[in-house]
Structure formats: structure tokens, C-alpha cells
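In case you want the letters, here they are:
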Amino acid sequence: MSSRMGLITSLITFVIGALVGGLGIYVGAQLITGKGSYEQAVTAAIIGALVWTLVGTFLGWIPLLGPILTFGAYLAVLNVFYPGGWIDAAGIAIVAWIVLVAVFTVLGPLGLGVFSGVGVPGV
């Protein structure tokens, strides 16, 4: 029974993290491109997290180049999901990061900062 509760808790944490990460990407996409839906942003967050994890696992260990390739792969996901090219993808990522830092700064003191933003690196 305990392992099932752990799995359910992990799944709930992941879903909330994806919804929060999607919020950051949605705000970034709206500010930078004016395009996209919240559902699209959540999907981009989940796929972005998966790509970040895979590339980081297999290439992240390479000094200097690994982190660049990992972040580049993440930007490629945003670039595929949203119009505007690489600069706009970087802008979306920066705005998403700022939004989630602000959200967690507000929620942390309320005891609600236990979640992460899935699909937004560094948050």
C-alpha cells in the first residue's frame, strides 16, 4: 500500500509541476509571440522536460559543451512549438523562468512551494 501511495504522490507532483511549468511557458509565449494555448504550453513543458532529461543524461557530462547542447535541445522544443525562431524560443524560456521564480517566491512562504516547474530549467 505504501508504494502505491508513493507512486500516486509522485504522479500528482508531476502533474502539478507540469501545469505550473506550462503556466510559465504560456505567459512567455503570449508575451513573446502572442501565440499558443495553455494546453500547448503544458505539452511543451512535458516534452521539454523529457528532452532536457535525455540530452542531459547522455551529453550533459561533456565539459562546457554538454550544458550548451542540453539547453539547445530544450530551446529546439520551444522553437518547434512556437513561431518566431531561436531568439523567440530563448525569450519564452527566460520569461517562463522569471514567471516561475515569482510564483514560487510568493507561494513559498505560504507553504506551497514544494512543487517544481516541470519543463522550465532551473526552477
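Everything discussed here concerns the structure shown above.
Notes on the structure in this doc start here. These numbers were taken from a predicted model, which means no experiment stands behind them.

Secondary structure assignment for the protein yields four helices and zero strands. Each helix and strand of the protein, placed in order from N terminus to C terminus, yields the pattern α-α-α-α. A compact globule built from 123 residues would reach a C-alpha radius of gyration of about 14 Å, and the protein, at 15 Å, matches this within 12%. A principal-axis box enclosing the C-alpha atoms of the protein has dimensions of 45 × 35 × 25 Å. Within the protein, contacts between residues at least 6 apart in sequence are counted, and of these 57% link residues at least 24 apart. Carbon and sulfur atoms make up 77% of the accessible area of the protein, which amounts to about 7,000 Å² in all.

Counting residues in hydrophobic clusters, the biggest one holds 17 residues, and the most contacted among them are Ile-25, Tyr-74, Leu-78, Tyr-82, Ile-92 and Val-120. Where this core is concerned, the elements lending two or more residues are α1 (2-32), α2 (38-59), α3 (65-81) and α4 (86-107). Top contributing element to this core by residue count: α4, with six residues. Sequence-distant contacts of Ile-25, that is, excluding residues within four places in its chain, are made with Ala-41, Ala-44, Ala-45, Tyr-74, Leu-78, Tyr-82, Ile-92, Ala-96, Gly-119 and Val-120.

On the surface, Leu-11, Phe-14, Val-15, Leu-19, Leu-23, Tyr-38 and Ile-46 cluster together into a nonpolar patch covering about 560 Å² of accessible area. Elements with a contribution of two residues or more to the nonpolar patch: α1 and α2. The leading source of residues in the nonpolar patch is α1, at five residues. Along the chain, Phe-14 falls in helix α1. Residue classification places Phe-14 among the partly exposed positions, given a relative accessible area of 38%.

Following the sequence through the fold, Thr-33 ends up in the loop between α1 and α2. Classification of Thr-33 by relative accessible area gives buried; the value is 18%. Within the structure, the side chain of Thr-33 is placed 2.8 Å from the backbone oxygen of Ala-29, a separation counted as a polar contact. A polar contact of 3.1 Å, which involves the side chain of Thr-33, links it to the backbone nitrogen of Lys-35. Apart from residues no more than four positions distant in its own chain, Thr-33 is found in contact with Gly-28, Tyr-82, Pro-83, Asp-88 and Ile-92.

What follows is about α4. Given a rise of 1.5 Å per residue, 22 residues ought to cover 32 Å, and the 31 Å separating the end C-alpha atoms of α4 matches this to within 8%. Of all the residues in α4, the buried ones are Ala-89, Gly-91, Ile-92, Ala-93, Val-95, Ala-96, Val-99, Leu-100 and Phe-104. Where α4 is buried, its residues touch α1 and α3.

Here we take up the packing of aromatic side chains. Here the structure, examined in full by the defined rule, presents four aromatic pairs. Between the aromatic rings of Tyr-26 and Tyr-38, the centroid separation amounts to 6.3 Å while the plane-to-plane angle is 85 degrees, which identifies the pairing as edge-to-face. Placement of Tyr-26 in helix α1 and of Tyr-38 in helix α2 is noted, with a sequence separation of 12 residues between them. In this structure Tyr-26 comes out as partly exposed when scored by relative accessible area, which is 29%.

Calculation criteria
- Residues numbered from 1 in each chain as written.
- Predicted model: local features only at pLDDT ≥ 70, side-chain atom pairs only at ≥ 80, totals over all residues.
- Heavy atoms only, no water.
- Helix = DSSP H or I, 4+ residues; strand = E, 2+ residues; numbered from the N terminus.
- Rg over C-alpha atoms; globule rule 2.2 N^0.38 Å.
- Contact = heavy atoms within 4.5 Å.
- Areas by Shrake-Rupley, 256 points an atom, 1.4 Å probe, with all protein chains shown as cover.
- Core = buried A, V, L, I, M, F, W, Y, C linked by side-chain atoms within 4.5 Å.
- Buried < 20%, exposed > 50% of the residue type's maximum accessible area, 1.4 Å probe, protein only.
- Patch = residues over 30% accessible without salt bridge, like charges linked within 9 Å, V, L, I, M, F, W, Y side chains within 5 Å.
- Salt bridge = Lys/Arg side-chain N within 4 Å of Asp/Glu carboxyl O.
- Polar contact = N/O pair within 3.5 Å; in protein donor to acceptor, adjacent residues only side chain to side chain.
- Expected span 1.5 Å × (residues − 1).
- Phe/Tyr/Trp six-rings, centres within 6.5 Å; stacked < 30°, edge-to-face > 60°.

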